Structures are given as structure tokens and as C-alpha cells.
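Spelled out from the first residue to the last, the chains are:
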Amino acid sequence: MTATLDPQSLADATPLMKQYWELKASVPDALLFFRMGDFYELFGADAVEASRLLEITLTSRDRTKANPTPMAGVPHHSAHGYIQRLLKAGKKIAIGEQMEDPAATKGLVKREIIRVLSPGVQFDLESHEAAWLGVALREVGQPQGTPSPWTLACLDVSTGHSFFSTGMSAAALAEDLVRHPIRQLLRIDGDLPEEARAVLRSDTLVEDLSANTLSFSGAEQFLRAQFRLATLEAFLPSTTAIHALGLLAHYAARTQRLDRLEHLQLPRPLHHQQSLVYGPQTAEHLDLFPTPDHRPNLLHEIQASKTSAGARLLRRWIAEPLTSLTEIKNRQCALEVLGEASGPRQRMQRLLSEVYDLERILGRVHTGLANPRDTRALGLSLCQLPLLLENLNALDTTRASSPSTLLRLQKSIEHAAQVLQALGQRIVSSQRDDAPMLAREGGIFKLGTHPDLDRLLGLAENGSQWLITLETREREVTGIPSLKVKYNRVFGYFIEITQAHLKNVPSHYQRKQTTVGAERFFTEELKTFEDEIVSASAKQKALEQTLFDELLASIRAQTQDICQAAQALAELDVLVGLTHLLDRPGWVFPILDDSLALEIQKGRHPLVDRGEFVPNDLTLKPEDRRTLLITGPNMGGKSTLMRQVALIVILGQIGAPVPAASAQWGVVGSIYTRIGAHDAIAKGQSTFMVEMTELAHLLHHANDRSLVILDEIGRGTSTYDGMSVAWATLEWICNRVGSRTLFATHYHELTRLAEKLPALKNAHMAVDSRRDLESHSELRFLYLLQEGPTNESFGIHVAKLAGLPQPVISRAWEVLESLENEKPAADSLRGTGPSATSGTGPSKKALVPQPASDSQLSFFAPSPPRVEVRTEIRKEFLPHPALDALRAARLEEMTPLQALNLLAELQRQSKSP
Ligand code: ADP
């Protein structure tokens, strides 16, 4: 079934179905929810798909026809849940609503599409996480021959937040797409680099727009009107950024059939100079954020925010740690003051748990989706402002050395409390606690809200009493004790009399309906009452709707104030939440300075900081200890230690305390990591390629303000190649980059570099091992970082711990011993290489290609950054006489027989060595 109907079928269709197909043609890529009375119906392919996804019955319309149209429907009052399920499944939904009251309309009711919802344009999300709508645009005006950079812009329509990032390579674009799970991506003329396509999640809805959807000048005009600004340069630095944001805002507004979305906030740059930058995959390597496989992660570990906006903000803080010493100090001071004032802090936490998601409520208010529960939630939230202010005022900010963060928050909340107090109180005092989900059902407002409403509510109240009086009176007059006055939605009010008493029914009773065992009657008196009550109820609902619309207008008028209050509340929430880290034993504020050193005493891993964890000291110094080369057995704790250092730096630079006895470092500007490769297979790239791509980025971008963490560089390729790359990388980092670097390796040969590179120091993870010839198995990991290199890798111990069969382990020991007994003439890498084969196992020379002499290892000299890697040339690639003969043969001058003879000769030659 296509989105449109063929002309013949359309001509034959009923007026209603014609109307349907006309609407459907305007939203061909959406499932059209077509309102018919109390149901939303779906037809054709939409019905088939919805019935499959929602597990609802698939029927058909015009069943008598040869080709009936498939049909499925959901009740309008429960449509919300169904729509949410379809959005989760990545579908786009158009709502076709009745624009006239069917009861008051003759013929076909007018219907229109009032909104289109999609995974990236929704307002009612279950999770507090943003649902990003993204667009990636190629930047124009690049010199010929250079690859054009990309701009990415993203908008979370539900909260009005947006960000952009410009001048990105295809790889950096892919990186940002991974970091910000994008629910829907707009692609202009299908243009998206391969790197970005590869990382898009399967549930991301990709929508192609044509390049002439909105021109640059159209986008600029749209944004200027959106933000009521004469120029956009102050916050959007490039034309592509303006174009991208304009496209997003325009697209989102159009889906809601609005000129603009008033709740959108000014976009912010994703990477700015005031924040610490992460290298590719660093957030993933360090487990900063939740992943689909639910690994422990930093955000979850420290999250204690009470509000959704606070939870979102903390995520942003971790994504963008601070690099300004003053700002870090300000946050530390704010936390310190809050931490010491346990009374106000606990009270504020309680108050914050009464604060709802103000940004999302505003989003719904501005798109016509807000219901009475939203407004009540807004009112309750606003009423917390004066109480929060009281507690903020009770804090002793004079004790803090830089109280500016708290003073700023105090000011914002004071202002918000002043300007929003009236609105908050108006809502809370007028709205009922049990306000319904739908405004048109009435029952929103309390008595005392409006004199007309009071009168109508009084009528309904008196009506109930009147019915009781009527029932009592009629029972007495007729002598029928079981006489009942009842109501149902279809027949309205009636008097019900059981069969046994029918003979006593007075003559003025008029029959209305017969049921099993009873008859239903009405009287003139009851009919008059019914008319009055029905019209009063309709009047009440209409009046409540008007009052609700007025309330929404008042809320809209204070959008800016509410946005500012929401931001201040979110920041206060994150700060109050983070104070719980101060209560953890052994967590302290680090001291930050502008040096290039780093010193951590008794540091622990924030995600494993429990039980038997062994703390470690670690020092890096700019002069003679910038890089630490860490050796030690597998499972010895190298990765844990390195990640721990990075996580401590991140925690410290969001202003939080860290798990250590003490810590001090010079502000880190960027963190680059190369650890593991658990994501490589999913992307279909070879592990080594991924490793090298990340390493390349790191070596190009890291500088002396970076923290670099490299784990087992080179392990994805042959030993010799890998070691050469690792060697050259270390030289480059020490000589050129100058970053604070932790480099874990199992190439013990690299430890010799410490003799040549003054910035490099060796360290190792200590183990307690006993080399017992009988069991060969005693190995205890101490998880302690110690000075100097280690010269054993304990691989067989670890293999045994991992459960390899005993015979394999015993044989491995034999092989190792035979290898170690060899005394090489010139093992230039270890200085103790093999020379002869013992006969009990393979020669080490055969296992690891060895260079002939030191003179060949030109890359061992520390200075030249260029690496010339020489690997042993395999015999089959050496020149061969048969190949020379083949190249020399002049085929065009040969007869077939001569050619055959040549082939036979070549074959003979190829068999000889
Ligand atoms: P490596 O990188 O040397 O192979 P890991 O860092 O992966 O080793 O650590 C291996 C395991 O050792 C971890 O999963 C953890 O259980 C344990 N471990 C690491 N560091 C410590 C420590 N400091 N204290 C206690 N256990 C640790």
C-alpha cells in the first residue's frame, strides 16, 4: 500500500476516505492517526504497521468491496500510550483531528493535521534525558581540494535546549554523534560522511530533506524572529551554524503547525574554550555515561539530583568539566558551604524533590499540549522558590573564600521568587489537587476561582441533593420502596421501577426504556431538571476551558522568568546533590593550580572505591617525570590505575571532591585516551586500525595541558610492528607533546627508553610471586604502583588463574625455560636474547623477529620523530628467478606452444628454493 491512492480508487472512495487520503498525502512518511468520533483510526499500510507494532486488531473498511482497506484504531482517550510506543519504535506520527463538533455539523466534519510527532520531536518523554533532533551540514567555501568540515546542530524540542559544533572533520562529527544519542537526524540531500553513517544507532530516524527546504537567508530570518534579535553573530559564529539551527527550529515549529516555538533557548557551542576537551572515545573508555549494557559509570555513581533538569545538567558538567581555576574554586566553595550546613541542605533537597521539569512543562505549554496536571506541577514548583530562598539565605557564605556561585544563585532565586510568586500561588490556590489529564473534562478549578464557575458548581452540587429529595418523595407518594432515580450516559436521568411494582406506577410517568426485570420512566419535572443540569455542566466545562486558556497565557507571558528559574534550580540541585560526595570517607577537594604537575596521594577508583581496593600514590612532574611507563602483569591493575587518575581529574574539574587522601594538579585542558577496543567490532573496523586512528588524533591534538592515557599501544598488530609504534609514540610524546602521560605496556623493552628520555620514568604494578618449579603458580597481585620497571610478565601465572588446563600450563613453563636458557649473541632489544635452540622447545628467535644489530634500530635514538620500521621480509616475497623470467617474457611474440613451454619451465623453477 502506498501513501496515496491511485486516481481510480480515489474517485470511487467515499467523501470521508477522500478526506483521509488527502490528509495522508501531506504526511506520506508518518502514521496518520485520523480522528473519527471517539477513536483515532489508521488505514491502509499505516493500519497494518500499527497493528503489528501495537498488537491491536487489524480489520478492514468496506468489507463488502473486492479490495477492502485495512483499518485499525485506538480509543482517543488512551491514544497517548500508543503514540509513545510508536515513537519509541522510531516512527513518525501525524495527528489528524476533527476541527468541528460532529454533533453541530451537517455532512463531513472538517479535519486537519494539528501536529506531527517523531522520535526527535516529542514533548512527553518518560526519561529526563534529552531526545536530540540533529542536522549535519557541510560547511561551504573551503579551498578546492580540501575536505569540507562539518557543522552539527542539535535541538531538544522538549526542553528548548540546543547546541552546535563547527569545523569538524568527518571523524569528529561521528564522535559527537556517538556522544549525543540522536533520536532523529535530518540529512540534506542525503549528504552524510561514511564515518557518521557507521555510528548512527539503528533506532535513529534518518530523514532526508531537500537542499531548498530552507535557504541560509530563510534560516537567518527565521532565527532572528525566533529569538527577537537583530543579529545572530554574538552567539552563532558561522553561517553554517545559523543555517543548521534555523533548519532545526523551523522544522520543529512546522511539525507543530506553529510559526515558532517560544520556549526555545539560545543555542550554545558544544566545545568551548572554557571546558576540558575529551579525545575520541575518551568518554566511552572512561565509562563517563550510561551505556546500553549498563556498565558502572561516573554519571550514575555521583548522580544525586532531585530534579530532571538537575540530572541533565550534571551530565553536561561531566561532558564539559571546567578549565578556569576561578570557576572551579567557586564550585568547590559552594559545595563546601552547602556541605557544612546540613540542616538547610537537607531541607533544600526535600524542597527540590517537589520541583518538576519546568523546561518540559514550558515546551508543552507553548505547543498546546499542556494539561491541568502540568500547570499544577508548575505551580507547586514555583511555590518552592521562596522556601528555597529562605534556606539559601541561612547559609553562611561569609566563611567561603569565593562565595560567588552561591551569591549568584541566591540572587537568581530571589528574583524568580519575586516575579513568579503570584503565578505560583494563583495556580496552587485555584487548581484542584485531583485536576484531570484533559482540560475539556472540567473539574480543574476549585470553588472561589471565578463567580460564574461557583454558580455552576453550586448547581451541580444542589442537583445531587435535589435528586435525593426527589427519590425519597416519589417512594413515599407511590409506595414503591425500591424506586430509584438513576443516571447513565446514554439515557440520561430516569426513574427505575422493578417489574413487581409496575402496577403502582403513577399515570404521569412516561416510559423511557425496558430492561430485564425493570422499566425506566421519566417525568416532566425530571426532564426539566436534566436540561438544566446538562446545560450547566456544558457551561461549566466551557468556562473552565476558558479559565485554563487564560492561565496558560499568563504562563506564556512569563516564559523567560520561568526559564531562568529553571536554570537556577537545576544548578542548585546539582550542587546540593554533589555534597553527598563530601560525606564519603576519604573524599577530599583537590587543590588546582596552573602548574604542569600532578600528585595524588592514596588515590582510589571512584567506581570501584569499596572494600579491599588498594589506594595508590602517583606523581607526575614537568621536568623529569612527565610520562610514566607502567609495566606489570596482566590483571595487575594498570588500566584501573590509569582510568582512576583520569576520573579523579574529571571529578576535580567539575568542582567535586575526589577519592584520595590528597590531590593537587595543574588544570588539565584535555584528556586523550587509548584503552581497549570493545567498540571496534561493532563498527566493522579492524582493532589495530581503530587503535591507530585514535592514536593519530591524539598525537595531533594533545599538548602540554593534556592528560594522555595509553594502554597497551600496539597490541593489535605483530609484536615487532606494535613495539615500534609504541616506541616512536613515547618518543614523540616526551619530546614534542609534553603532556602528562600514563603509558601501560607489556613491551618490557620500552623500559630502556628511560635512559634516553629525561621526562620518562618507569613504574610497575607490584606482585608477590614465587616461582615454584613444582606448581609454578604462586602469584598475588598487590595492585601497588612502585618505582622502576618489572622484567617479568607473569603471563603463565595469569593463564593458570584463568583456568587453562594443567598440561598446557606445564608445557608453557617448559617452553619458557627453554627460551630463557638461550643466550643470544645480539639480542638488542632485551640485551639477553636467545642464541641456540635447546631442543626442548621452539627458538625465541623464531617466535619474535629480531633485528640484526643495534645499528638497524635507528628509531631507538630518542630524537628523530620519524620512524623507519624494518620488519623481516618473508621468504615468499623475496625476488625469485621465476618472477624475473615471467616479467622478461614477450608474450605477444610467442606461439601457444612456446607459451606452454615457458609455463612448464616457470613451474619447475618455482619449485626449486
Ligand atoms: P591490567 O590493566 O593490569 O590488566 P586491570 O586494571 O584491568 O589490570 O585490573 C584487573 C582487576 O584487578 C580489576 O578488575 C580489579 O578487580 C582488580 N584491581 C585493579 N586495581 C585494583 C586495586 N587498586 N585494588 C584492588 N583491586 C584492583
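Residues numbered from 1 in each chain as written. Predicted model: local features only at pLDDT ≥ 70, side-chain atom pairs only at ≥ 80, totals over all residues. Heavy atoms only, no water.

1. Observations regarding the packing of aromatic side chains
Inference 1: Applying the stated rule across the entire model yields 12 aromatic pairs.
Inference 2: Relative to Trp 21, the ring of Tyr 20 lies with its centre 5.1 Å away and its plane at 80 degrees, an arrangement referred to as edge-to-face. Comparing Tyr 20 with Trp 21, the two get one shared label, buried.
Inference 3: Lying across the ring of Phe 289, Arg 315 places its NZ or CZ 4.5 Å from the centre. (Phe/Tyr/Trp six-rings, centres within 6.5 Å; stacked < 30°, edge-to-face > 60°. Buried < 20%, exposed > 50% of the residue type's maximum accessible area, 1.4 Å probe, protein only. Lys NZ or Arg CZ within 6 Å of the ring centre and 35° of its normal.)

2. A look at a nonpolar patch on the surface
Inference 1: Taken together, the side chains of Leu 897, Leu 900 and Leu 903 present a nonpolar region at the surface, about 330 Å² in accessible area.
Inference 2: By the secondary structure assignment, Leu 900 is in helix H28 (residues 896-911). (Patch = residues over 30% accessible without salt bridge, like charges linked within 9 Å, V, L, I, M, F, W, Y side chains within 5 Å. Areas by Shrake-Rupley, 256 points an atom, 1.4 Å probe, with all protein chains shown as cover. Salt bridge = Lys/Arg side-chain N within 4 Å of Asp/Glu carboxyl O. Helix = DSSP H or I, 4+ residues; strand = E, 2+ residues; numbered from the N terminus.)

3. Some thoughts on the nonpolar core
Inference 1: In this structure, Leu 288, Ile 318, Ile 555 and Ile 671 are the most contacted members of the largest nonpolar core, which totals 110 residues.
Inference 2: No other element matches the 12 residues that helix H19 (residues 559-578) contributes to this core.
Inference 3: Once residues lying within four places of it in the same chain are set aside, the contact partners of Ile 671 are Leu 276, Val 277, Tyr 278, Gly 279, Thr 282, Leu 286, Ala 646, Val 649, Ile 650 and Leu 707. (Core = buried A, V, L, I, M, F, W, Y, C linked by side-chain atoms within 4.5 Å. Contact = heavy atoms within 4.5 Å.)

4. Things to note about the site of the ligand
Inference 1: Neighbouring the ligand are Phe 613, Val 614, Pro 633, Asn 634, Met 635, Gly 636, Gly 637, Lys 638, Ser 639, Thr 640 and Tyr 783.
Inference 2: Met 635 places a main-chain nitrogen or oxygen 2.6 Å from an oxygen atom of the ligand.
Inference 3: Between the ligand and Thr 640 there is a distance of 2.5 Å, counted from an oxygen atom to a side-chain nitrogen or oxygen.
Inference 4: When isolated, the ligand has an accessible area of 550 Å², and the protein chains bury 73% of it.
Inference 5: Residue contributions to the shell around the ligand peak at 3 residues, all from helix H20 (residues 638-653).
Inference 6: Counted by class, the shell around the ligand contains 5 nonpolar, 5 polar and 1 charged residues. (Near = heavy atom within 4 Å. Polar contact = N/O pair within 3.5 Å; in protein donor to acceptor, adjacent residues only side chain to side chain. Nonpolar A, V, L, I, M, F, W, Y, C, P; charged D, E, K, R; others polar.)

5. Observations regarding the sheet that holds strand S17 (residues 518-522)
Inference 1: The strand order across the open sheet built from 4 strands is S14-S15-S17-S16, with neighbouring strands paired in antiparallel fashion. Lying at the two open borders of the sheet, with one neighbouring strand each, are strand S14 (484-488) and strand S16 (510-515). On average, adjacent strands in this sheet sit at an angle of 40 degrees to one another, irrespective of strand direction.
Inference 2: Pairing geometry for S16 and S17, over 5 bridges, is antiparallel. By the bridge assignment for S17, Thr 514 is matched with Glu 519.
Inference 3: Those strands touched by helix H17 (residues 451-478) are S14 and strand S15 (492-498), and its axis lies near 140 degrees from that of S14.
Inference 4: Strand contacts of helix H18 (residues 524-557): S14, S15, S16 and S17, with the helix running at about 145 degrees to S15, the strand carrying the most contacts. (Pairing = 2+ DSSP bridges. Axes fitted to C-alpha atoms, helices over the stretch in contact; angles between N-to-C directions.)

6. A few points about unusual backbone geometry
Inference 1: Phi is positive for Arg 228, which is not a glycine, with a value near 50 degrees.
Inference 2: On the accessibility criterion, Arg 228 (55% relative accessible area) is exposed.
Inference 3: With a phi close to 50 degrees, Lys 602 is a non-glycine residue in the positive phi region.
Inference 4: Counting through the fold element by element, Lys 602 comes out in strand S20 (residues 598-603).
Inference 5: Classification of Lys 602 by relative accessible area gives partly exposed; the value is 48%.

7. Examining the sheet that holds strand S12 (residues 268-269)
Inference 1: Read across the sheet, 6 strands follow the order S11-S10-S7-S8-S9-S12 without closing on themselves; strand pairing throughout is mixed. On the outer flanks of this sheet lie strand S11 (205-209) and S12, each paired with one strand and no other.
Inference 2: Pairing of strand S7 (residues 132-138) with strand S10 (residues 182-188), which is carried by 5 bridges, proceeds in the parallel orientation. Looking across to S10, one finds that Trp 132 is bridged to Ile 182.

8. Observations regarding the pairing of strand S24 (residues 662-666)
Inference 1: Where strand S19 (residues 591-593) meets S24, 3 bridges bridge the pair, whose relative direction is parallel. Each bridged residue has a counterpart across the sheet, and for Ile 591 the counterpart in S24 is Gln 664.
Inference 2: Summarising the sheet, S20 and S24 pair through 4 bridges and their orientation is antiparallel. Paired with Gln 601 across the bridge in S24 is Ser 662.

9. Side note on helix H15 (residues 372-393)
Inference 1: The first and last C-alpha atoms of H15 sit 33 Å apart over 22 residues, in line with the 32 Å expected at 1.5 Å per residue.
Inference 2: The distance from a side-chain oxygen at the start of H15 to the backbone nitrogen of Arg 373 is 2.8 Å, and the residue carrying that oxygen is Asn 371. (Expected span 1.5 Å × (residues − 1).)

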